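# Overview (structure and organization)
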Amino acid sequence: CCNTCPASATHLRSSSYGGQAATGGFENSAAWKKLDLRFQDAWKDAQKRGKRKQSFECMIKLSGVPLPREKEALGNAGFKARTFIKRIVTGSVTARDVQVVAELPFVEVMELAVPVTGK
């Protein structure tokens, strides 16, 4: 299969994730550079504390308006999309699935959402 097919995300999750994360491969990859600094710090903290199921609210910038197969690939990678606005997607992803989502070729940037506080 190819990198944009829905099955590829599943294959990544079941095969390569554990080895790369354990050896620091993700942190030295092109996919890692797609995460903003706050997201990188939050992911590392979750890994350190063994919180692989921790959920992160985030925004993702895609290379273009997502095709149906790309929306499906995001879901198969573990991303729970909430809104799609042209190239921007909001939603959540667990620490376990951040790498799988970041490795999708049409994902350009992943930013950790900033909570809005009222004063």
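Right, let's walk through the structure included here. (Residues numbered from 1 in each chain as written. Predicted model: local features only at pLDDT ≥ 70, side-chain atom pairs only at ≥ 80, totals over all residues. Heavy atoms only, no water.)

### Details of the sheet that holds strand 2 (residues 80-85)
Stated precisely, the cut-off is as follows: At least two DSSP bridges between two strands are needed for those strands to be called paired. Only runs of H or I of at least four residues qualify as helices and only runs of E of at least two qualify as strands under DSSP, and these elements are numbered from the N terminus. Only the contacting stretch of a helix is used when fitting its axis, a line to C-alpha atoms as for every element, and angles between N-to-C directions run 0 to 180 degrees.
Spatial ordering of the open sheet is given by 2-3-1-4, a layout of four strands whose pairing is antiparallel. Bordering the open sheet on either side are strand 2 and strand 4 (107-112), each of which pairs with just one other strand. Direction aside, the axes of adjacent strands within the sheet are offset by 25 degrees on average. Two strands pair when backbone bridges link them, and strand 2 and strand 3 (residues 88-94) are joined in this way by five bridges, in the antiparallel orientation. By the bridge assignment, Phe-84 is partnered in strand 3 with Val-89.

### A few points about the nonpolar core
As a reminder of what qualifies: The term nonpolar core refers to a set of buried residues drawn from Ala, Val, Leu, Ile, Met, Phe, Trp, Tyr and Cys, joined through side-chain atoms within 4.5 Å. Buried residues are those whose accessible area, probed at 1.4 Å on protein chains only, stays under 20% of the maximum for their type, while exposed residues exceed 50% and partly exposed ones sit between those limits. Contact definition: two residues touch when any of their heavy atoms are within 4.5 Å.
Phe-39, Ile-60, Val-98, Val-101, Val-107 and Met-110 are the most contacted members of the largest nonpolar core, which totals 28 residues. Of all elements in the fold, only helix 2 (37-48), strand 1 (55-62), helix 3 (68-76), strand 3, helix 4 (98-102) and strand 4 reach the threshold of two or more residues within this core. For Val-101, the contacting residues outside a window of four places in its chain are Ile-60, Leu-74, Ala-77, Phe-79, Val-93, Val-107 and Met-110.

### Considering the pairing of strand 2
Counting buried positions along strand 2 gives zero out of six residues, so the element sits mostly on the surface. Hairpin connection, strand 2 to strand 3: the antiparallel pair is bridged by two residues, and Lys-86 has positive phi, about 55 degrees.

### What to know about the packing of aromatic side chains
Just so we agree on the cut-off: Only the six-membered ring of Trp is used, alongside the rings of Phe and Tyr, when aromatic pairs are assigned; centres must lie within 6.5 Å, and planes under 30 degrees apart are stacked while those over 60 apart are edge-to-face, with the rest tilted. Definition used: whenever NZ (Lys) or CZ (Arg) falls within 6 Å of the ring centre and also within 35 degrees of the ring normal, the charge is taken to sit over that ring.
Under the criterion given, the structure shown has four aromatic pairs. Ring geometry for Phe-26 and Trp-43: centres 5.0 Å apart, planes at 80 degrees, overall edge-to-face. Of this pair, Phe-26 sits in the loop between helix 1 (6-23) and helix 2 while Trp-43 sits in helix 2, and the two are 17 residues apart along the sequence. A relative accessible area of 2% places Trp-43 in the buried class. The lysine or arginine in question, Lys-71, covers the ring of Phe-84, its NZ or CZ lying 4.6 Å from the ring centre.

### Quick look at a nonpolar patch on the surface
Operational definition: Patch membership requires more than 30% relative accessible area and the absence of a salt bridge. Residues of like charge join within 9 Å; the nonpolar side chains Val, Leu, Ile, Met, Phe, Trp and Tyr join within 5 Å. In short, Shrake-Rupley with a 1.4 Å probe defines the accessible areas, and a residue's cover is counted only from the protein chains shown. A pairing counts as a salt bridge when a side-chain nitrogen of Lys or Arg comes within 4 Å of a carboxyl oxygen of Asp or Glu.
There is a patch of nonpolar side chains on the surface, built from Met-59, Ile-85 and Ile-88 and spanning about 260 Å² of accessible area. The topology assignment puts Ile-85 in strand 2.

### A closer look at the pattern of salt bridges
Considering all chains together, one arrives at five salt bridges under this definition. A salt bridge links Asp-45 to Arg-49; its shortest N-O distance comes to 2.9 Å. Exposure remark for Asp-45: the relative accessible area of 31% places this residue in the partly exposed category. The exposure class assigned to Arg-49 is partly exposed, which follows from its relative accessible area of 45%. The partner of Arg-96 in a salt bridge is Asp-97, with the nearest N and O atoms 3.2 Å apart.

### As for the side chain of Thr-90
Filter applied, for reference: In protein, a polar contact requires one atom able to donate a hydrogen and another able to accept it; more generally it is a pair of N or O atoms within 3.5 Å, and residues adjacent in sequence count only if both atoms are side-chain atoms.
By secondary structure assignment, the location of Thr-90 is in strand 3. Taking the relative accessible area as the measure of exposure, Thr-90 reaches 19% and is therefore buried. Only 2.3 Å separates the side chain of Thr-90 from the side chain of Thr-83, close enough to count as a polar contact. The contacts of Thr-90, once residues within four sequence positions are left out, are Cys-58, Met-59, Phe-79, Lys-80, Ala-81, Arg-82 and Thr-83.

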